[in-house]
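# Residue-level structure breakdown
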Amino acid sequence: MTGRLWTAAPPRSMHRAMTRARDNWLWVAPIAAALLFPSLSPGHGAEPDVSETGTPAPPVDIPPKEAALVRAGKAGEAQRLYLRRTGKVRSIESRAEAAQRFALYVYSESPTLSDDIGGIILDLLQEAVDGFRLSLGVDAPEVATALMQRAEVERLIRPDDPAPWADIAYQQAYRIRYARLGPSAPETLAALMSLADIRSLPSRVGDDPSAVESAADLLRQIILLTRNAAGEETAALGQDAERALARLETRYGGQMMRGRHPRIAAAQASAACPAASLQDSIVLSGNESALAGVRTRFRKAGLDLQPCGALLIFPLGPGTDPTPVLGILSDISAGRVPGVTIGLSATPADAPPTASPIWR
């Protein structure tokens, strides 16, 4: 598998700067969303400086000696030398940035992503994750980026059955970006796509139809959040999610799993979700039993919530009078209805996002 993979991109264009090397059974997911180092993009953009010997000069923040060792296939020795050098830096954040930059450099200059090279990169990125957590806080966006990068390397090394920590890394990155950037930010949606991707792997699904439905519901969240999106990257994410949902249907829809077929219903967004956009609807999320109770309360008030995967939608617009359910909505907003949230619910800290079966 090629190692010349990561490309640098500004935060808003990271989805279009995705790799085509990890083309797994479901879809090509964005690699290392939000890589922010334009100096570390060999083969992309401006040509790098070339030394007198004709060898491309390393980025200014990679010492020539370490760069030469990496190019000579001695990445382990280069790592030890680089870490001894950066160990003298007092700033934890600067050391984390240095480890991250060097990981990306080793990655870009390695002709293949062997287990040894992958292990070095994973170790460096773990140092970056730990350093950013210590210096910037556990919920810093830099932590989310480093988590995404590390999980993507693990996916490349073991595409069919990555280590379980990769699932957790995607989950944590999504949670951080959801809280700091909002649910509809491209960076947040890219993390959610990667989370749906890994949860869709056969090694994760096994023979559990609810696991397939859970991944499908994550894709529907992306479709719902990107409907009528103004930004190019956001709209592209929604289109990718629709295609991924269709491929999920192709892969699993006809399988009998534990006595039933998974309920994927890979329809277009307009058919799957009735609301035109989040701006003209109220989205309710939460666990299945709690949502069922809320839906019953709406029906008693003469109104009905419409299903969208694991979500319930209350469309707003001409002819809709929300007055009969304002009390219910106030209770939910105030947290007096356990298990239900207005908007896409933030995920509990001790569990990955889960989705209930499709509402019928």
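Residues numbered from 1 in each chain as written. Predicted model: local features only at pLDDT ≥ 70, side-chain atom pairs only at ≥ 80, totals over all residues. Heavy atoms only, no water.

## Considerations on the overall build of the protein
As a reminder, the rule being used: Helix and strand definitions here come from DSSP, where helices need a minimum of 4 consecutive H or I residues and strands a minimum of 2 consecutive E residues; each element is numbered from the N-terminal end. Accessibility here uses a 1.4 Å probe with only protein chains present; expressed as a share of the type maximum, an area under 20% marks a residue as buried, one over 50% as exposed, and anything in between as partly exposed. Residues are treated as being in contact if the distance between any of their heavy atoms lies within 4.5 Å.
Scanning the protein from terminus to terminus reveals 13 helices and four strands. The burial tally for the protein puts 50% of its 360 residues in the buried class. Within the protein, counting contacts between residues at least 6 apart in sequence, those at least 24 apart form 69% of the total.

## Quick look at the packing of aromatic side chains
Quick note on the threshold: A pair of Phe, Tyr and Trp rings is counted when the ring centres sit within 6.5 Å of each other, with Trp represented by its six-membered ring. The angle between the planes then sorts it: under 30 degrees is stacked, over 60 is edge-to-face, the rest tilted.
For the structure shown, the criterion picks out three aromatic pairs. Ring centres of Tyr82 and Phe102 lie 4.1 Å apart, and the angle between their planes is 20 degrees; on these two criteria the pair is classed as stacked. With Tyr82 in helix 2 (residues 75-86) and Phe102 in helix 3 (residues 92-109), this residue pair connects regions lying 20 residues apart in the sequence. Using a relative accessible area of 2% as the deciding quantity, one classes Tyr82 as buried. Since its relative accessible area comes to 0%, Phe102 is described here as buried. A centroid spacing of 5.8 Å and a plane angle of 65 degrees characterise the contact between Tyr174 and Tyr178, whose relative ring orientation is edge-to-face. Taken together, the residues Tyr174 and Tyr178, both in helix 6 (residues 164-181) and four residues apart, mark about one turn of the helix.

## Remarks on the nonpolar core
Counted only if it meets this: Among buried residues, the Ala, Val, Leu, Ile, Met, Phe, Trp, Tyr and Cys ones that are joined through side-chain atoms within 4.5 Å form a nonpolar core.
Within the largest apolar cluster, 43 residues are counted, with the highest numbers of intra-cluster contacts made by Leu219 and Leu248. If one sorts the elements of this core by residue count, helix 9 (residues 209-226) sits on top with eight residues. Among the nonpolar cores identified, the runner-up in size contains 25 residues, and Val70, Ala103, Tyr105 and Ile121 belong to it.

## Considering the environment of Leu303
Among the structural elements, Leu303 can be located in the loop between helix 12 (288-300) and strand 2 (306-308). Taking the C-alpha atoms as reference points, Leu303 and Thr320, separated by 17 residues in sequence, lie 9.0 Å from one another. For Leu303, the contacting residues outside a window of four places in its chain are Phe298, Phe314, Asp321 and Val325.

## Remarks on helix 12
The criterion, for reference: Expected span of a helix, by definition, is 1.5 Å for each gap between consecutive residues, and there is one gap fewer than residues. Each C-beta atom gives one direction from the helix axis, and the arc is the one those directions make.
In this model, helix 12 (13 residues) spans 19 Å end to end at C-alpha, consistent with the 18 Å of a helix rising 1.5 Å per residue. Every buried residue of helix 12 is accounted for by Ala290, Leu291, Val294, Arg295 and Phe298. One face of helix 12 carries all of its buried residues, which in axial projection span an arc of 140 degrees. In helix 12, the exposed residues that point more than 90 degrees away from the buried face are Ser289 and Lys300. The positive-phi residue at the C-terminal boundary of helix 12 is Gly302, with phi of around 85 degrees.

## Here we look at the packing of helix 5 (residues 141-157) against helix 6
Cut-off, in case you're wondering: To get an axis, fit a line to the C-alpha atoms, keeping to the stretch in contact for a helix; angles then go from 0 to 180 degrees between the N-to-C directions. The scheme is simple: roughly parallel for angles under 35 degrees, roughly antiparallel for over 145, roughly perpendicular for 65 to 115, oblique for anything else. By convention the crossing between two helices is left-handed if the near helix lies anticlockwise of the far one by an angle smaller than a right angle, and right-handed if it lies clockwise. For this scheme, ten residues count as nonpolar: Ala, Val, Leu, Ile, Met, Phe, Trp, Tyr, Cys and Pro. Four count as charged, namely Asp, Glu, Lys and Arg, and the remainder, Gly too, count as polar.
It is the contact of helix 5 with helix 6, at a shortest axis distance of 8 Å, that shows an interaxial angle of 150 degrees. Here helix 5 is positioned roughly antiparallel relative to helix 6, judged by the angle of their axes. The chirality of how helix 5 crosses helix 6 is left-handed. From helix 5, Pro141, Val143, Ala144, Thr145, Leu147, Met148, Arg150, Ala151, Glu152, Glu154 and Arg155 reach across to helix 6, where they touch Trp165, Ala166, Ala169, Tyr170, Gln172, Ala173, Ile176, Arg177 and Arg180. Of the residues in the contact of helix 5 with helix 6, the class split is 12 nonpolar, two polar and six charged.

## As for the side chain of Thr226
Structurally, the position occupied by Thr226 is in helix 9. Sequence-distant contacts of Thr226, defined by excluding residues within four places in its chain, comprise Leu189, Thr234, Leu237 and Gly238.

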